[in-house]
Amino acid sequence: MHIDFQSDIQSDNSNNQNVTLDELALLKLIAQNPSITQVQLAEKMGVTDRTIKRKMKSLQEKGFIKRANGKRNGHWEILISI
C-alpha cells in the first residue's frame, strides 16, 4: 500500500526537504516538552534509543531543530512551524 503524505511544515531554510511521519511525531513530542530526553522519546515512540538518535540527527541536519544550552541541562528548539 502506498500513502501520499503532504505536510504543512515549511522550513525557513527554503531547502524544501521532506519530513517523515516519524520525524513529525518527534517534532510534536518535542513541542510538548522541549526538555524531553532521547531515552524518553524512545519510550514514548516504542523504538530504540539508537533510532531516536538517528532521527534527531536527521532533523538537525535538515535545520528543523537545534539543541540550546548544551547536552545536560539544555532543551530542544524547533526552528519551523508545525
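Throughout, residues of each chain are indexed from 1 in the direction in which the sequence is written. Where totals are concerned, whole chains, interfaces and linings use all residues; where local detail is concerned, this predicted model gives features only for residues with pLDDT of at least 70, and gives and counts side-chain atom pairs only at 80 or more. Processing note: side-chain calculations cover all non-hydrogen atoms of the structure and skip hydrogens and water entirely.

Caption draft 1: Inspection of the overall build of the chain at higher detail. Secondary structure counts use DSSP, requiring at least four H or I residues in a row for a helix and at least two E residues in a row for a strand, with both numbered from the N terminus. A count of helical and extended segments in the chain gives three helices and two strands. Each helix and strand of the chain, ordered N terminal to C terminal, gives the series α-α-α-β-β. Note on exposure labels: buried denotes an accessible area under 20% of the residue type's maximum, exposed denotes more than 50%, and partly exposed covers the range between, all computed with a 1.4 Å probe on protein chains only. Burial statistics for the chain: of 82 residues in total, 30% are counted as buried. Between two residues, a contact is recorded if the distance between any of their heavy atoms is within 4.5 Å. In the chain, of all internal contacts separated by at least 6 residues, the share reaching a separation of at least 24 is 48%.

Caption draft 2: Quick look at helix H1 (residues 21-32). By definition here, a helix of n residues has an expected span of 1.5 Å times n minus one. The end-to-end C-alpha distance of H1 is 17 Å, a good match for the 16 Å that twelve residues give at a rise of 1.5 Å each. Glu23, Leu24, Leu26, Leu27, Leu29 and Ile30 are the residues of H1 that are buried. Close packing links the buried residues of H1 with helix H2 (38-45), helix H3 (49-62), strand E1 (65-68) and strand E2 (75-78).

Caption draft 3: Seen up close, the confidence of the model for the chain. A residue's pLDDT is the predictor's confidence in that residue, given on a scale from 0 to 100. On average, residues of the chain carry a pLDDT of 84, and 79% of them reach 70 or more. The low-confidence segment residues 9-16, where pLDDT is below 50, has 16 contacts with residues more than four positions distant or belonging to other chains.

Caption draft 4: Inspection of the pattern of salt bridges at higher detail. Take a side-chain nitrogen of Lys or Arg and a carboxyl oxygen of Asp or Glu: if they are within 4 Å of each other, that pair is a salt bridge. Inspection of every chain in the model, using the stated rule, returns three salt bridges. Between Glu23 and Lys62 there is a salt bridge, with the nearest N and O atoms lying 2.9 Å from each other. One end of the pair, Glu23, is in helix H1; the other, Lys62, is in helix H3, and 39 residues separate them in sequence. For Glu77, the salt bridge goes to Lys66, with nearest N and O atoms at 3.8 Å. With a gap of eleven residues between them, Glu77 in strand E2 and Lys66 in strand E1 connect regions that are remote in the sequence. The class for Glu77 is partly exposed, based on a relative accessible area of 28%.

Caption draft 5: Representation of the environment of Lys55 within the structure. Turning to its location among the elements, Lys55 is positioned in helix H3. Note: C-alpha distance between Lys55 and Asp22 (33 residues apart in sequence) is 8.1 Å. With sequence-adjacent residues up to four places away left out, Lys55 is seen in contact with Asp22, Glu23 and Leu26.

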